[in-house]
Amino acid sequence: MANAAAPTAAVPTLAPPLEQIRHLAEELRLLIPGVRVGEALETTKEFNPETFWRRLNEAAVNVSREATTLTEVFSHLPLPSPQETQRFCEQVRAAIKAMIAVYYSLPKNQGITLRKLVRSTTLDIVDGMAQLMDVLFMTPTQSSENNDLISYNSVWTACQQVPQIPRDNKAAALSMLTKNVDFVKDAHEEMEQAVEECDPYCGLLNDIEDNSDNHGDEEDDGLGYPNNRDLYWSEEDQELIIPCLALVRASKACLKKIRISVAENGKKDQVAQLDDIVDISDEISPCVDDLALSIYPPMCHLTVRINSAKLVSVLKKALEITKASHVTPQPEDSWIPLLINAVDHCMNRIKELTQNELELTFAE
């Protein structure tokens, strides 16, 4: 009796193309937390900036190319076979992992601020590719939306940002400080606009008062005017807003002067001091936002006082760190004491205007 033929090893069945795309999106998203907290790879090799930036640009170009290829093959029928899809997915996976590996090769001694910018762009690329996988999985191939994927999907936008990343920690610090100046400038403008527009009925009510003899004793409510005073500032509120606006102007001035000092005196090799300046400066804009939100009616004077004090504390710390660093070659430079005095003056005025409410609160 002839021996039975040896059983053939079972070939694993590949998932359908769209399922492979969905699984790849999930896999890419699992990489994101690791990139957020990942440390630079330890190496004995001397860091070569030119090599690093060349590799990072090449990695971004490769990711963009793989995204384009995958989009093209999934934007029309017939869809690629499971085997072809597997190959495409492996190429995308390899391109993304290569991008992450290049980021990990940037050592900490090149500057934390610079690493944060490179990490942010790397995360945008990984997340953008995952978003593309979602679109390819959910959007029918017949949809005209596929024609717009290459132009609008965030993965290509993120890849195009790589050549724009600052090339050293000083340039990275200036980039972040410029953003912070812009954030505070926008907040100040919004506060001024709110002061001008918060009482939209003010002009109409003034007109009615001027012509009250002609209109008699009609009720405001009958004319359709709001009687909810929570929408308006009291006289005490308006008085308190003045030093708050001045404090935000001082915040903007502080950031501008710090940025100028870094631009004029900052040294590329003093990465730790530049990082310290950026770290404390990053805290100014959120504090300004908190103060700006707290002035909207109905205003709580104690909240305004607390938020002002937080902002003043951060501003003084930023000025002291800047004063102690190499970007201020003359520590007694007049602009730092002047700004500290301006900040103190604003805070003292805010304390004066909120003292009564503070005493009432503790008396209860």
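- The protein chain carries the name Cyclin-D1-binding protein 1 in an unreviewed UniProt entry, which gives Panthera pardus as its organism.
- Looking at the Subunit (unreviewed entry) heading of the UniProt record, one finds this comment for the protein chain: "Interacts with CCND1 and GRAP2. May also interact with COPS5, RPLP0, SIRT6, SYF2 and TCF3."
- The UniProt entry for the protein chain carries this comment under Sequence similarities (unreviewed entry): "Belongs to the CCNDBP1 family."

1. Section: the packing of aromatic side chains
Link 1 in the chain: One pass over the structure, following the stated rule, counts three aromatic pairs.
Link 2 in the chain: When the centroid spacing of 4.9 Å and the interplanar angle of 80° are considered together, the rings of Phe 52 and Trp 53 count as edge-to-face. Comparing Phe 52 with Trp 53, the two get one shared label, buried.
Link 3 in the chain: Among the aromatic residues, those joined into a ring-pair cluster are Phe 47, Phe 52 and Trp 53.

2. Some details on helix H7 (residues 169-197)
Link 1 in the chain: Between its first and last C-alpha, H7 extends 42 Å over 29 residues, near the 42 Å set by a 1.5 Å rise per residue.
Link 2 in the chain: One side-chain oxygen of the residue at the start of H7 lies 3.0 Å from the amide nitrogen of Lys 170, identifying that residue as Asp 168.

3. Observations regarding the nonpolar core
Link 1 in the chain: Of all hydrophobic cores here, the largest spans 92 residues; its most connected members are Met 129 and Met 133.
Link 2 in the chain: Here Met 129 is in contact with Leu 28, Val 63, Ala 67, Val 92, Ile 96 and Val 155, once residues within four sequence places are set aside.

4. Looking at the pattern of salt bridges
Link 1 in the chain: Throughout the structure, instances matching the rule amount to 11 salt bridges.
Link 2 in the chain: Of the charged contacts, one joins Arg 22 and Glu 19 as a salt bridge, the two residues approaching to 2.6 Å between their closest N and O atoms. Remark: Glu 19 and Arg 22 occur in helix H1 (residues 17-37); sequence separation between them is three residues, near one turn of the helix.
Link 3 in the chain: Take Arg 22: its relative accessible area is 28%, and that puts it in the partly exposed class.
Link 4 in the chain: A relative accessible area of 26% means that Glu 19 is categorised as partly exposed.
Link 5 in the chain: A salt bridge links Glu 39 to Lys 108, with the shortest nitrogen-to-oxygen separation between them at 2.7 Å. A residue pair is termed long-range when its members are at least 10 positions apart, and Glu 39 in the loop between H1 and helix H2 (49-73) and Lys 108 in the loop between helix H3 (82-104) and helix H4 (112-138) qualify at 69 residues.
Link 6 in the chain: For Lys 108, a relative accessible area of 45% puts it in the partly exposed group.
Link 7 in the chain: Because the salt bridges share partners, they merge into one network encompassing Glu 19, Arg 22 and Glu 26.

5. Focus: the environment of Phe 88
Link 1 in the chain: Structurally, Phe 88 can be placed in helix H3.
Link 2 in the chain: Between the C-alpha atoms of Phe 88 and Glu 66, which are 22 residues apart in sequence, the distance is 7.9 Å.
Link 3 in the chain: Every residue in contact with Phe 88, bar those within four places of it in the chain, is listed here: Thr 69, Leu 70, Val 73 and Pro 80.

Conventions adopted
Residues numbered from 1 in each chain as written. Predicted model: local features only at pLDDT ≥ 70, side-chain atom pairs only at ≥ 80, totals over all residues. Heavy atoms only, no water. UniProt positions renumbered as here; feature names shortened; annotations may be inferred. Phe/Tyr/Trp six-rings, centres within 6.5 Å; stacked < 30°, edge-to-face > 60°. Buried < 20%, exposed > 50% of the residue type's maximum accessible area, 1.4 Å probe, protein only. Helix = DSSP H or I, 4+ residues; strand = E, 2+ residues; numbered from the N terminus. Expected span 1.5 Å × (residues − 1). Polar contact = N/O pair within 3.5 Å; in protein donor to acceptor, adjacent residues only side chain to side chain. Core = buried A, V, L, I, M, F, W, Y, C linked by side-chain atoms within 4.5 Å. Contact = heavy atoms within 4.5 Å. Salt bridge = Lys/Arg side-chain N within 4 Å of Asp/Glu carboxyl O.

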